[in-house]
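Coordinates in review
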Amino acid sequence: MLEVVRTEKDTFLVFDRTPFYAEMGGQAGDTGTATIDGHAFQIVDTIKDKSGRVLHKLAADSKQVPANGSTAKLAVDVVRRRAIARHHTAEHLIHWALRKTLGSHVRQAGTHKTAERMRFDFAHFEALTPAQLREVEQLVNERILDNAKVACFETDFDQKPEGTLAFFGEKYGKVVRVVDVGGYSRELCGGTHVSTTGEIGLIKIVSESAIAAGTRRLEIVAGQAALDFIAEREAVLANVGSQLSAGPLDVAKKLDAVLAQKADLEKKLKAFEQKAAAGLSEELAAKATLKGDLKFVSAVVSVDAPDALRTLGTQVLQKLGEGVVVLGAALGEKATVVAFCSPAAIKAGHQAGKIVNELSQKLGGKGGGKPDFAMGGGKEPAKLAEVIQG
Ligand SMILES: [Zn+2]
């Protein structure tokens with residue numbers, strides 16, 4: 001080991017040589033262990049600094065720090081590295097499949113590969129259709145089943161095979177590394193890959209979205225992460241299926257039936273509610289008091305919305321013929337009142353607006369309206385009975 005590099009937060013180890021891959025080109029850095037004098041130091045990330053040194057990050061809870069010059073045995077977490085390599089190689093296939101499906105204007109515009117997921121940003125002017133997503137996924141999985149060889153070789157930049165994708169704005173040295181997948185996908189790339197496409201296992205596209213105007217993002221899982229993704233979905237489907245008492249293939253049909261039944265019940269419920277409201281207006285009209293030629297109804301009722309109170313008032317006045325209807329209801333924290341006056345009642349000097357204004361003030365609020373109809377209320381629903389019947 002050459003030296004220990006300390007920053008404000010972290011401690012890094014630098015070795016004269018290392019099998020650890022430092023985060024680059026969107027590929028996550030390796031993790032693993034550095035065994036020094038019998039003690040295994042956990043390496044939780046690997047990055048490169050500006051001068052090109054590979055920094056092996058020590059776990060934050062590492063109490064010991066090895067001395068400069070000690071000999072270390074480095075071991076990369078191979079399982080994780082292989083999972084990253086699957087996602088990385090899948091990226092090459094996705095890039096190829098997108099260009100095949102959407103056109104050669106598709107250009108990688110940012111990417112990130114971890115053991116769990118691959119993110120691929122690219123230039124394209126619109127959202128991918130479900131059919132296009134299926135096609136991309138299908139194309140990639142076909143190539144995985146093909147088990148094609150993944151070859152990496154170095155060559156002069158000027159000598160690279162025709163059709164090799166290099167990225168504008170990226171600086172390449174004289175000698176570049178070409179990664180060739182099955183002879184159909186060629187890119188300049190310095191990351192770690194599987195040796196045949198079959199090792200990827202399978203891929204699933206998890207999501208497609210826009211991250212900026214003209215830039216789309218695909219999220220993909222490969223290998224074990226893809227199996228986990230499918231297993232999770234299957235568990236959800238099985239759970240829904242068991243609640244619907246339907247097998248996976250019958251869930252949609254069963255759900256349609258349940259939704260149709262729900263719509264039917266809602267229709268029936270509405271009819272019952274209308275009947276009940278009609279019964280209530282009948283009941284209220286029957287309790288009207290007669291003064292001269294006019295009938296008067298005032299009552300506190302229970303309804304679930306201001307509109308229902310208004311509808312009920314209209315129905316009661318219809319049944320009365322000529323008269324005055326005043327209704328109040330507590331709706332949550334508020335008291336709502338409505339008043340209706342028939343033409344003869346208005347002629348006799350009754351005004352819905354005035355009635356509601358007075359009642360609302362007593363309920364700690366405001367309200368008013370026209371002579372024939374007014375609506376208002378206040379913040380003290382507890383006073384409703386006293387105010388309306390009083
Ligand atoms: Zn690559």
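Residues numbered from 1 in each chain as written. Predicted model: local features only at pLDDT ≥ 70, side-chain atom pairs only at ≥ 80, totals over all residues. Heavy atoms only, no water.

Details of the coordination of the zinc ion
Here the zinc ion is held by the protein donor atoms His88 (NE2), His92 (NE2), Cys189 (SG) and His193 (NE2), which lie 1.9 to 2.2 Å from it. Considering all four donor atoms around the zinc ion, the spread of angles at the metal, 100 to 124 degrees, places the coordination shape in the tetrahedral class. For the zinc ion, all donor residues lie on one chain, and their spacing in sequence is H-x3-H-x96-C-x3-H. Taken as a pair, His92 in helix α1 (residues 78-102) and His193 in the loop between β11 (185-188) and β12 (203-212) lie far apart in primary sequence, 101 residues in all. Judged by its relative accessible area of 16%, His193 is buried. (Donors = N, O, S within 2.8 Å, 3.2 Å for Na, K, Ca; no water. Tetrahedral: all angles 85-135°; square planar, octahedral: opposite > 155°, others 65-115°. Helix = DSSP H or I, 4+ residues; strand = E, 2+ residues; numbered from the N terminus. Buried < 20%, exposed > 50% of the residue type's maximum accessible area, 1.4 Å probe, protein only.)

Here's the deal with the packing of aromatic side chains
If you walk through the whole model with that rule in mind, you get three aromatic pairs. On the numbers, 5.9 Å between centres and 35 degrees between planes, the contact of Phe120 with Phe122 is tilted. In this structure, Phe120 and Phe122 share a single accessibility class: buried. Between Phe340 and Phe373, the aromatic rings sit 4.9 Å apart at their centres with planes inclined by 40 degrees, giving tilted as the arrangement. Of this pair, Phe340 sits in strand β17 (residues 334-341) while Phe373 sits in strand β19 (residues 373-378), and the two are 33 residues apart along the sequence. (Phe/Tyr/Trp six-rings, centres within 6.5 Å; stacked < 30°, edge-to-face > 60°.)

Focus: the pattern of salt bridges
Summed over the entire model, instances satisfying the criterion amount to 16 salt bridges. For Arg81, the salt bridge identified is with Asp30, shortest N-O distance 2.6 Å. Here Arg81 is found in helix α1, whereas its partner Asp30 is found in the loop between β2 (11-14) and β3 (32-36), with 51 residues between them in sequence. Accessibility classification places Arg81 together with Asp30 in one group, the buried group. In this structure, the salt-bridge partner of Glu208 is Arg216, at a minimum N-O distance of 2.8 Å. Several salt bridges converge on common partners, so that one network encompasses Glu3, Asp49 and Arg53. (Salt bridge = Lys/Arg side-chain N within 4 Å of Asp/Glu carboxyl O.)

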